[in-house]
Amino acid sequence: MGLHRFRPPPSGRMGTLCTLGSIRGAVLLEFGCMGHILYSRVALSRAGIGEACKFYSTHIDEIDITFGSTERLRRAITDIVQYEKPRLIFLSPSAVPEVIGTDLPALCRELQREYPETRLLPFGCGGFNVGFHQGLGETLLLLVKNLPVDRGIAEPPAFNLIGSCADLFRFRADAGELIRIMDGAFGMKPLCVLTSDTATAQIEQMGGGRINIVIRREGEAAAEYLRDRFGTPCLSLRPYGIKATVQWIRRIGEITGIAPDEDFIAAQVREAETLSAPCEATLSHLLRERPDALKLSLGGHADIVKGIMAFGCGELLFPRGLCWCDDPEMAGEDLPYFSEDQWTRALEEQKGGLLMASGEALAWAGRNREMQISNPGPRWQVNPYQPPFVGFRGALHLLDLWINEVTENSSL
Amino acid sequence: MKETEHLKRLSTVRSNGGIKFLSPAAFPGSHCPMHTALVLTRSIRGLSSLVVGMPECATYSRFVIPRAEGKQGELHRMYVVDSEEVVFGCRAGLSEAVRRMAGAGARHLMLIATCIPELIGEDLEGMLREIRGQVPARLTFVFMGHFKCNSHPQGYWKTFAALGGFMEARKRDPQRVNVLGQGPGKDPLPPPALLDVLERKGFHLRFLGLGTSLEDFLEAPDAALNLVLSPLTEPLAVLMETAFGIPQVGLHNVYGIDAIDRAYDSIAEKLESPWDDAFREERQRALRWQERLAAKLNGLCGVFGPLGTLMPVPLAVYLAGFGFRPLLLHMEEFYPADSGYAQELNALGFDPPVCHMVNFRRDLALVEAMAADLWLGQMPGKGKIPSLPGIPGLSAQFGYERICRLGELMLNVPDRRPDRQPGQKEN
């Protein structure tokens, strides 16, 4: 931890709230100071999550802390049950109850007897020593462990999308593109988009999926649980680029035993290739004469960085620039983690080329803010209809960004 | 009423701890004091900041201060406490952070410590005393633990008071008056008569509030008088009186022609400059409005909703003097002066319950069951009780003008229905 100039790595609690915040019809009650929840709501609303999960707070004061009182929690639950009549209340602790050692799961077990019609589901990660991605992953796992009901496979075939959460830049656009492709290639609709576009009733039906598509590694534990319980196979992959998207479709076809619609694939490939064809001459010329102009530097979530790197450097043969991820737990040999000191130093040393990173890094480096691929950033993201980065339309979007970036920065 | 049984009566409240929520589940609730501390800090040119707390506090502080560097070279940073430091303290790491910021150019630094540093008893005063001579920066701090209060006013008044820590004694300028609680810049309203008269008499006004430069705060001890227009700056005025002998006259809680007369006389006496009937017209106008208020409010009852920075108890005392019965008071903050005002209200025969409203939809439903004639403040949502949304705006006015404005607002109050007794419930 320590001194930060830019936004620090968020906490596990923020990962929990980010995951639960978009679940429609849900209620969350945090045991802790009001300010946390108020700000969390502000953060989610600026990320494009409107009034989905209702965030309540008990608040907590010195007397509660001194005497270890949890009376506020009981009264708040009573009030919410009486007036909202929810089927389910998520409960989470903020940092203060974590420090004083409040045992929220034990409290929930005690209180559950008083509210038989309302399920009390506690979540941990009070923001003490748990990172954001761990909190997010644990929350996804807790959701699939506790909510899905026993059921058979859905007919017609349907799928679940796991890991679409508000922390990812353009999370709804990316989810929308994958849903569009699944509909076009397989005629499959989602049972549940966990969690950016779902309700508690939909999470309950996840067991009926023909396949679980995981779009970030934090969702893999949840998918494995669903595989063990329901036998649902899964695929953990974010498709970037035209070829990778076709491969992604074919893998889903193999896993589900459902042949994809070849006409759809052909039409999508044809459209993407036709529209991207004008870029080829310029990109080829640059690769031969000025490859530095195409050096691709990426910073953000490890799965996103690897995905875009595979498209840009693997498929299009751009030289690899500086690439880093934003979580030390996700770092590997091929992708280091950079703290803010490290990425600011690295960006100062490396000028030119294509830089895609967080809005905050781009703003600091004085680079093109349209090249944002990760959060945090200074801008609000309330419009869900922005172009994606994954899939066929994502490939076009990336090419559009790259060709404009190189032509604006060079004398072409 | 059953729904308000859990609330304390005003006479038994001694601090924020005595102010209970009207309904127990906050939605949306109130901002924490870190928010307002940052709003104030951001507005002061020349002041750098260091937020100390958990990742949440650090991240959300960027909603208020989005840039790490201010336009005049201010540095805004965050120190995130890790799990070891929660147990063993963050003195070493935080000292190093302060040194780095001072080395990077921060000359006046405000440390804003949030819930966890305050909860674990971090000795910021000791730490700053230790490193004060070692760094080329002036340092001060505030503790902004939300568990110490219900809402955000402490973020303002504690930070204003902490700025007093930067002040040093200066040669007195008998023509200088500090106006505490109003920032510089254009005000859409006509200037208050008092300030206008002071300027015409040759006094130089220095406005200390949101948007004031740090330089103005540092020069403030040269004033002959502090005019206090907001409860948020009263602690700073008290500090300046104690440290530098600068007298203060508070106008933020002064209602009633007699009280205003006394306050204005006090100003003239302290400045050694008589008014020579400068306020005759405003006083006459205010007197007429006051008479109309008395006639209008007698026998009515009401709820004091959120009133912004306006303290509800002194206003309740004034209105109670005309026979207006306060049924319920929302209090954002219990100030030390509120104890005295509470006694005045009790002496008039009123001891209303006090609360903090944190769930407006639920709270409105509860309040409507009280059958009030009036809701003072902005009504959250559509309610049945007639409301006066302009009341919080009274904080921008004072003296005779405030009485006039209050009277204008009260013109909109419907007369009590002759078929209903005060406090009688609707069928």
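For the structure itself, look to the data block above.
Residues numbered from 1 in each chain as written. Chains lettered and ligands numbered in written order. Predicted model: local features only at pLDDT ≥ 70, side-chain atom pairs only at ≥ 80, totals over all residues. Heavy atoms only, no water.

### A short note on the overall build of chain B
The number of helices and strands found in chain B is 16 helices and 15 strands. For chain B, the spread of C-alpha atoms along the principal axes amounts to about 70 × 55 × 35 Å. Out of the 427 residues belonging to chain B, those deemed buried represent 59%. Sequence separation of at least 24 residues holds for 74% of the intrachain contacts in chain B that already meet a minimum separation of 6. Within the structure as shown, chain B displays about 17,000 Å² of accessible surface, and the carbon and sulfur contribution to it stands at 49%. Both charge centroids of chain B, one from 47 positive and one from 48 negative side chains, sit 3 Å from each other. (Helix = DSSP H or I, 4+ residues; strand = E, 2+ residues; numbered from the N terminus. Buried < 20%, exposed > 50% of the residue type's maximum accessible area, 1.4 Å probe, protein only. Contact = heavy atoms within 4.5 Å. Areas by Shrake-Rupley, 256 points an atom, 1.4 Å probe, with all protein chains shown as cover. Lys, Arg positive; Asp, Glu negative; His and termini not counted. Charge placed at Lys NZ, Arg CZ, Asp CG, Glu CD.)

### Points about the overall build of chain A
A count of helices and strands for chain A gives 16 helices and 15 strands. A compact globule built from 412 residues would reach a C-alpha radius of gyration of about 22 Å, and chain A, at 23 Å, matches this within 12%. When its C-alpha atoms are laid out on the principal axes, chain A stretches across 70 × 55 × 35 Å. Out of the 412 residues in chain A, the part that is buried amounts to 58%. Within chain A, residue pairs in contact and separated by at least 24 positions form 72% of the contacts whose partners lie at least 6 positions apart. For chain A, the exposed surface amounts to about 16,300 Å²; the carbon and sulfur share of it is 50%. Averaging the positions of the 42 positive and the 51 negative side-chain charges in chain A gives two centres separated by 2 Å. (Rg over C-alpha atoms; globule rule 2.2 N^0.38 Å.)

### What about the pattern of salt bridges?
Throughout the structure, instances matching the rule amount to 36 salt bridges over all chains. For Asp 79 of chain A, the salt bridge goes to Arg 362 of chain B, with nearest N and O atoms at 2.6 Å. You can see Asp 79 of chain A sitting in helix α4 (residues 71-83) and its partner Arg 362 of chain B sitting in helix α15 (residues 360-368), one on each of two chains. With a relative accessible area of 8%, Asp 79 of chain A lands in the buried category. A residue is classified by how much of its surface remains accessible, and Arg 362 of chain B, at 11% relative accessible area, is buried. With a shortest N-O distance of 3.7 Å, Asp 334 of chain A and Lys 306 of chain A are connected by a salt bridge. Taken together, the residues span a long stretch of sequence, with Asp 334 of chain A in the loop between β13 (320-325) and α14 (340-349) and Lys 306 of chain A in helix α13 (residues 302-315) at a distance of 28 residues. (Salt bridge = Lys/Arg side-chain N within 4 Å of Asp/Glu carboxyl O.)

### Quick notes on the interface of chain A and chain B
On the chain B side, the residues contacting the 51 residues of chain A number 50 residues. Taking both sides of the interface into account, the surface hidden between chain A and chain B amounts to around 4,400 Å²; carbon and sulfur atoms contribute 66%. The largest per-residue losses of area from chain A upon contact with chain B belong to Leu 3, Met 34 and Tyr 39 of chain A, which jointly make up 18% of the total buried on that side. Counting every contact that joins chain A to chain B gives five salt bridges. The salt bridge involving Glu 69 of chain B is made with Arg 5 of chain A; its shortest N-O contact spans 3.0 Å. Seen at the junction of chain A and chain B, the total is 16 residue pairs in polar contact (both at pLDDT 80 or more). Listed by contribution, the elements that provide at least two residues to the side of chain A that touches chain B are β1 (2-4), α1 (12-20), α2 (34-46), β4 (54-57), α3 (62-67), α4 and α5 (95-99) of chain A. Considering only residue class, the side of chain A that touches chain B consists of 25 nonpolar, twelve polar and 14 charged. Relative to strand β4 (residues 76-80) of chain B, β1 of chain A runs antiparallel, the two sharing three bridges. (Buried area = accessible area lost by both parts, 1.4 Å probe. Polar contact = N/O pair within 3.5 Å; in protein donor to acceptor, adjacent residues only side chain to side chain. Nonpolar A, V, L, I, M, F, W, Y, C, P; charged D, E, K, R; others polar. Pairing = 2+ DSSP bridges.)

### Some words on the side chain of Thr 16 of chain A
Residues and elements named next belong to chain A. With respect to the helices and strands, Thr 16 occurs in helix α1. In this structure Thr 16 comes out as buried when scored by relative accessible area, which is 2%. For Thr 16, the side chain forms a polar contact with the side chain of Thr 139, separated by 3.1 Å.

### Quick look at the sheet that holds strand β6 (residues 119-122) of chain A
All names here are of chain A. Strand order in the open sheet formed by four strands is β4-β3-β5-β6, with parallel pairing between adjacent strands. The sheet is open, and its two borders are formed by β4 and β6, each paired with just one other strand. Across the sheet, the mean angle from the axis of one strand to that of its neighbour is 25°, orientation sign disregarded. Sheet analysis places strand β3 (residues 27-31) next to β4, joined by four bridges and oriented parallel. Counterpart to Leu 28 in the pairing with β4 is Phe 55. Against the sheet, α4 makes contact with β3, β4, β5 (88-93) and β6, and its axis sits at roughly 165° relative to β3, the strand it touches most. (Axes fitted to C-alpha atoms, helices over the stretch in contact; angles between N-to-C directions.)

### As for the packing of aromatic side chains
For the structure shown, the criterion picks out 22 aromatic pairs over all chains. Ring centres of Trp 343 of chain A and Trp 364 of chain A lie 6.0 Å apart, and the angle between their planes is 80°; on these two criteria the pair is classed as edge-to-face. Placement of Trp 343 of chain A in helix α14 and of Trp 364 of chain A in helix α15 (residues 359-365) is noted, with a sequence separation of 21 residues between them. Residue Trp 343 of chain A is classed as buried on the basis of its relative accessible area, which comes to 9%. Between the aromatic rings of Tyr 264 of chain B and Trp 275 of chain B, the centroid separation amounts to 6.4 Å while the plane-to-plane angle is 55°, which identifies the pairing as tilted. Of the two residues, Tyr 264 of chain B sits in helix α11 (residues 257-271) while Trp 275 of chain B sits in the loop between α11 and α12 (280-297), which places them eleven residues apart along the sequence. Judged on exposure class, the residue Tyr 264 of chain B and its partner Trp 275 of chain B are both buried. One aromatic cluster in this structure is built from Tyr 264, Trp 275, Phe 279 and Tyr 400 of chain B. (Phe/Tyr/Trp six-rings, centres within 6.5 Å; stacked < 30°, edge-to-face > 60°.)

### Focus: the side chain of Glu 360 of chain A
Inspection of the secondary structure assignment puts Glu 360 of chain A in helix α15. For Glu 360 of chain A, the contacting residues outside a window of four places in its chain are Phe 6, Arg 7, Pro 376, Gly 377 and Pro 378 of chain A.

### Considering unusual backbone geometry
Residue and element names in this part refer to chain A. Cis geometry is found at the peptide bond from Leu 194 to Thr 195, where omega equals 10°. Position of Thr 195 among the secondary structure elements: in strand β8 (residues 189-195). Positive phi values are uncommon outside glycine, yet Leu 317 reaches one of about 70°. Mapped onto the secondary structure, Leu 317 falls in the loop between α13 and β13.

### Quick word on the packing of helix α11 (residues 242-256) of chain A against helix α16 (residues 391-409) of chain A
Residue and element names in this part refer to chain A. At a minimum axis distance of 8 Å, the contact between α11 and α16 shows a crossing angle of 170°. In terms of their interaxial angle, α11 and α16 are classed as roughly antiparallel. When α11 is examined against α16, the residues Ile 242, Thr 245, Val 246 and Ile 249 are found in contact with a partner set consisting of Gly 391, Phe 392 and Ala 395. By residue class, the composition of the contact of α11 with α16 is five nonpolar, two polar and no charged. (Parallel < 35°, antiparallel > 145°, perpendicular 65-115°, else oblique.)

### Topic: α12 of chain B
Residues and elements named next belong to chain B. Compared with an ideal rise of 1.5 Å per residue, which puts 18 residues at 26 Å, α12 spans 26 Å between its outermost C-alpha atoms and is within 8% of the ideal. Within the sequence span of α12, burial applies to Glu 282, Ala 286, Trp 289, Gln 290, Leu 293 and Leu 297. Relative to the axis of α12, the buried residues are bounded by an arc of 110° and lie together on one face. With respect to the buried face of α12, the exposed residues turned more than 90 degrees away are Arg 280, Glu 281, Glu 291 and Ala 295. Of the surrounding elements, those touching the buried residues of α12 are α8 (193-200), α11, α13 (312-320) and α16 (400-410). (Expected span 1.5 Å × (residues − 1). Arc of directions from axis to C-beta.)

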